[in-house]
Amino acid sequence: DQNLYGLIAADKKQVLDFKYTEIKSISSNNMYAVVENDKEILVDNTGKTIIDSGYESIEEIHTSDIVIKKDGKFGLITTLNEEKLKAEYDYLKYAFDNYYIAGKDGKKGIIDIESNVKVAFEYQTITYVEEANLFVADKNETSTDIINSNLEVAISNVIISELNTEYGYLRVRDGENYKYYNFK
């Protein structure tokens, strides 16, 4: 059939049959979010269905944890379809270790996989910058907090003017002054 997708590895061996209308994501642990018969499912590298439980979508795969969307909300399940985080968040994205950036009631915070709030839901946006191992958390257009990997606010109420991951520094404006912070 036309417009069906499969997967071929770099060594030219076929990994997935050409029977899917979409391949949404590929994880490093040989799991694939695919669409088959208008239904989003999770399959392994043999094509065996791992998750087929009526979720609206499979958003992200990280090791054995899977961010899903169900009834318009995001949660976390395992590859065994066990619930880790109830689907109650407006936003959910893996950051590092056991931490996720989550959204509730229009605000973002950071939670762990046991739903413990590690950084309060008080930010408009939070971005994890992997190269710097820090979070950029915007309260509003003129106030940003830098949160370190210990989930502590390291720099508060500044405006970021430059984040250079290549050379490992952050330039911020604090009032009328500019300051530089090294993170490498």
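From a predicted model like this one, the values you see are computed outputs, not experimental measurements.

A. Expanded view of unusual backbone geometry. Positioned with a positive phi, lysine 12 is a non-glycine residue whose angle comes to about 75°. As for its position among the elements, lysine 12 is in the loop between strand E1 (5-8) and strand E2 (14-20). A relative accessible area of 72% places lysine 12 in the exposed class. Unlike most non-glycine residues, asparagine 133 shows phi in positive territory, near 55°. One can find asparagine 133 in the loop between strand E15 (125-129) and strand E16 (134-140). Note on asparagine 133: relative accessible area 33%, which makes it partly exposed.

B. Examining the environment of valine 136 more closely. If you trace the backbone, valine 136 turns up in strand E16. Among the residues examined, valine 136 registers a relative accessible area of 12% and is labelled buried. With 35 residues separating them in the primary sequence, valine 136 and arginine 171 have C-alpha atoms 13 Å apart.

C. Looking closely at the sheet that holds strand E13 (residues 107-112). With antiparallel pairing, the 4 strands of this open sheet are ordered in space as E11-E12-E13-E14. Every interior strand has two partners, whereas the edge strands, strand E11 (91-96) and strand E14 (117-123), have only one. Recorded for the sheet is a direction-independent mean angle of 20° between the axes of neighbouring strands.

D. The arrangement of the sheet that holds strand E3 (residues 22-26) in detail. An order of E3-E4-E5-E6 is seen for the 4 strands of this open sheet, with the pairing classed as antiparallel. The outermost strands of the open sheet, each flanked by one partner alone, are E3 and strand E6 (49-51). Strand-to-strand twist of the sheet, defined as the mean angle between neighbouring strand axes without regard to direction, takes the value 40°.

E. Quick look at the packing of aromatic side chains. Under the criterion given, the structure shown has 6 aromatic pairs. Ring centres of tyrosine 94 and tyrosine 100 lie 5.4 Å apart, and the angle between their planes is 70°; on these two criteria the pair is classed as edge-to-face. Of the two residues, tyrosine 94 and tyrosine 100, neither departs from the other in class, the shared state being buried. Centroid distance phenylalanine 96 to tyrosine 128: 5.2 Å. Interplanar angle 25°. Geometry classified as stacked.

F. View of the pairing of strand E8 (residues 65-70). Sheet analysis places strand E7 (residues 57-62) next to E8, joined by 5 bridges and oriented antiparallel. Paired with histidine 62 across the two strands is aspartate 65, which belongs to E8. Taken together, E7 and the strand that follows it, E8, pair antiparallel across an intervening segment of 2 residues, in which threonine 63 is found at a positive phi of about 45°. Two strands pair when backbone bridges link them, and E8 and strand E9 (residues 73-78) are joined in this way by 6 bridges, in the antiparallel orientation.

G. Structural view of the nonpolar core. In this structure, Leu76, Leu92, Tyr100, Ile111, Ile126 and Phe135 are the most contacted members of the largest nonpolar core, which totals 23 residues. Sorting the residues of this core by element identifies E9, strand E10 (83-89), E11, strand E12 (99-104), E13, E14, E15 and E16 as the ones contributing at least two each. Per-element accounting of this core gives the leading share, 4 residues, to E11. The residues contacting isoleucine 126, other than those within four sequence positions of it, are Ile101, Lys108, Gly109, Ile110, Phe135, Val136 and Ala137.

Criteria and cut-off values
- Residues numbered from 1 in each chain as written.
- Predicted model: local features only at pLDDT ≥ 70, side-chain atom pairs only at ≥ 80, totals over all residues.
- Heavy atoms only, no water.
- Helix = DSSP H or I, 4+ residues; strand = E, 2+ residues; numbered from the N terminus.
- Buried < 20%, exposed > 50% of the residue type's maximum accessible area, 1.4 Å probe, protein only.
- Pairing = 2+ DSSP bridges.
- Axes fitted to C-alpha atoms, helices over the stretch in contact; angles between N-to-C directions.
- Phe/Tyr/Trp six-rings, centres within 6.5 Å; stacked < 30°, edge-to-face > 60°.
- Core = buried A, V, L, I, M, F, W, Y, C linked by side-chain atoms within 4.5 Å.
- Contact = heavy atoms within 4.5 Å.

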